[in-house]
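A look at the structure
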Amino acid sequence: MSVRLHSGGRPLTLAAPVELECVISGHGLSDSGVSWMRQNRDSAPEFILFITSLGRVASTENGKPPARFKAKKESNYRLTVTSFQEQDQGNYYCIVNHNQRLHFSSGIPLYLPAPPTAAPTTKATTPPPSTTARSKDPGDCKHSPKTAKAPKKGMDLSCDFYIWVPLASACLLLLIALLATITVCQKTRRRRCKCKRPMNGSNGKPSMPNRYV
């Protein structure tokens, strides 16, 4: 048993009719009727309909044949999908129940062709801005009031160190020189005050000042 597709060489398209034929080669199998089934890639086999050897489509659970599906009996059994949809895709089989044995045909895959993928569009790359610095005229530089930095209040610690240390050293040297000058002056005055008075008379006594004579 096998299933053949009658498409006339046309590719499978959406909403187009599709006709399948179940070819039965075994003796006596064609008198038992045919069941059509479909199995999708990610689902269990699904029953479509059953057609008797007299060409009648048996009623399903709801009493009506499935929509978009028609069956008939000629030399072989045929199944027609009047308007093929995406949910109709899958592998189709015909099954014959003869002498309490199930005879399965080889399946035929019916899948819509994949839509063409659009080629990726390449965006035009803009060249990066030039990083070469150009010489500026000093007159071009204008200080705006918004970008001008406010003067820092106070002095930096490093500046304080380099200013105050030499100044303190100079003050200390001046103080040492002043103390040395005062000490020298005091020693000189003491030496001058130790001078002896002039002697007057034979006994070597100091003479009285003239104002006491």
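Everything here concerns the structure above.
The notes below deal with the structure included here. None of these values were measured; they are calculated from a predicted model.

A few words on the environment of M37. Relative to the assigned elements, M37 resides in strand 3 (residues 34-39). Here M37 falls in the buried class, since its relative accessible area comes to 19%. C-alpha separation for the pair M37 and G107, spaced 70 residues apart in sequence, amounts to 9.6 Å. Among residues more than four places away in sequence, those in contact with M37 are P45, E46, F47, I48, N91, Y92, Y93 and I95.

Bringing the side chain of N76 into the picture now. Along the chain, the position of N76 falls in the loop between strand 5 (69-73) and strand 6 (77-81). Residue class for N76 comes out buried when judged on its relative accessible area of 16%. Within the local environment of N76, its side chain forms a polar contact with the side chain of E21, the two groups lying 2.8 Å apart. Leaving out residues up to four positions away in the same chain, N76 has contacts with R4, E21, C22, V23 and I24.

Along the polypeptide, S35 turns up in strand 3. Under the relative-accessibility criterion, S35 is labelled buried at 18%.

Another aspect to go through is the packing of aromatic side chains. Inspection of the entire model under this criterion finds zero aromatic pairs. Over the aromatic face of Y111 sits the side chain of R41, whose NZ or CZ is 4.0 Å from the ring centroid. We note K73 situated over the ring of Y77; from NZ or CZ to the ring centre the distance is 5.2 Å.

Sizing a probe to match a water molecule and rolling it over the atoms shows the empty space that remains. In this structure, the largest pocket spans a volume of roughly 160 Å³. Its residues placed into classes, the lining of the largest pocket shows six nonpolar, three polar and one charged.

Under the criterion given, the structure shown has eight salt bridges. The residue E46 makes a salt bridge to R38 at a minimum N-O spacing of 2.7 Å. The buried category is assigned to R38, whose relative accessible area is 9%. Linking D88 and R68 is a salt bridge whose minimum nitrogen-to-oxygen distance equals 2.6 Å. Pair noted here: D88 is in the loop between strand 6 and strand 7 (90-98) and R68 is in the loop between strand 4 (46-51) and strand 5, with a separation of 20 residues, a long-range link.

With that out of the way, let us pick up the pairing of strand 5. Note that strand 5 and strand 6 share five bridges and pair antiparallel. Note on strand 6: the bridge partner recorded for K70 is T80. Hairpin connection between strand 5 and strand 6: a loop of three residues separates the two successive antiparallel strands.

This part takes up the sheet that holds strand 2 (residues 18-23). Strands pair in a sheet through their backbones, by hydrogen bonds, and they do so in one of two ways: parallel or antiparallel. The antiparallel open sheet is built from four strands, whose spatial order is 1-2-6-5. Each edge of the sheet is formed by a strand with only one pairing partner; in this case those strands are strand 1 (2-6) and strand 5. For this sheet, the mean inter-axis angle between neighbouring strands, taken without regard to orientation, is 20°.

Moving on to unusual backbone geometry. Of note in the backbone geometry, R68 takes a positive phi value of approximately 70° without being a glycine. Under the relative-accessibility criterion, R68 is labelled partly exposed at 27%.

Here the focus is the state of the cysteines. Tallied over the full model, the rule gives one disulfide. With a sulfur-sulfur separation of 2.1 Å, C22 is cross-linked through a disulfide to C94. One quick way to see it: the torsion about the S-S bond of C22 and C94 is about 70°, and its sign makes the bridge right-handed. Linking C22 in strand 2 with C94 in strand 7, this pair joins segments that are 72 residues apart in sequence.

Parameters at a glance
- Per chain, residue numbering runs from 1 following the sequence as it is written.
- Predicted model: local features are reported for residues with pLDDT of at least 70 only, side-chain atom pairs are reported and counted for 80 or more only, and whole-chain, interface and lining totals are derived from all residues.
- With hydrogens and water set aside, each side-chain value is computed from the structure's full complement of heavy atoms.
- We count a stretch as a helix when DSSP gives it H or I for four or more residues in a row; a strand needs E for two or more, and each element gets its number in order from the N terminus.
- Each residue gets one of three labels from its accessible area relative to the maximum for its type: buried under 20%, exposed over 50%, partly exposed in between, using a 1.4 Å probe on protein chains only.
- What makes two residues a contact is simply this: any of their non-hydrogen atoms within 4.5 Å.
- Any pair of nitrogen or oxygen atoms within 3.5 Å is treated as a polar contact; in protein, a donor-acceptor pairing is required on top of that, and neighbouring residues in sequence qualify only through side-chain atoms on both sides.
- Ring pairs shown here join Phe, Tyr and Trp side chains whose ring centres sit within 6.5 Å, with only the six-membered ring taken for Trp; geometry is labelled stacked below 30 degrees between planes, edge-to-face above 60, and tilted in between.
- Any Lys NZ or Arg CZ found within 6 Å of a ring centre and within 35 degrees of that ring's normal is scored as a charge over the ring.
- A pocket, in this scheme, is an open set of points on a 1 Å grid over the protein atoms alone with protein on both sides within 12 Å along at least 5 of 7 lines, while a cavity is a set where a 1.4 Å probe fits but cannot get out; residues line either one if an atom lies within 4 Å of a point.
- Grid points are joined across faces, edges and corners, and a volume is the space filled by probe spheres set on the points.
- Basically, the charged four are Asp, Glu, Lys and Arg, the nonpolar ten are Ala, Val, Leu, Ile, Met, Phe, Trp, Tyr, Cys and Pro, and anything else, Gly included, counts as polar.
- Salt bridge, as used here, is a side-chain nitrogen of Lys or Arg placed within 4 Å of a carboxyl oxygen of Asp or Glu.
- Here, strands pair whenever DSSP counts at least two bridges between them.
- Orientation is described by axes fitted as lines to C-alpha atoms, over the contacting stretch for helices, and by angles from 0 to 180 degrees between their N-to-C directions.
- The rule for a disulfide is simple: a pair of cysteine sulfur atoms within 2.5 Å.

The quantities given are spatial measurements derived from coordinates; they are silent on function.
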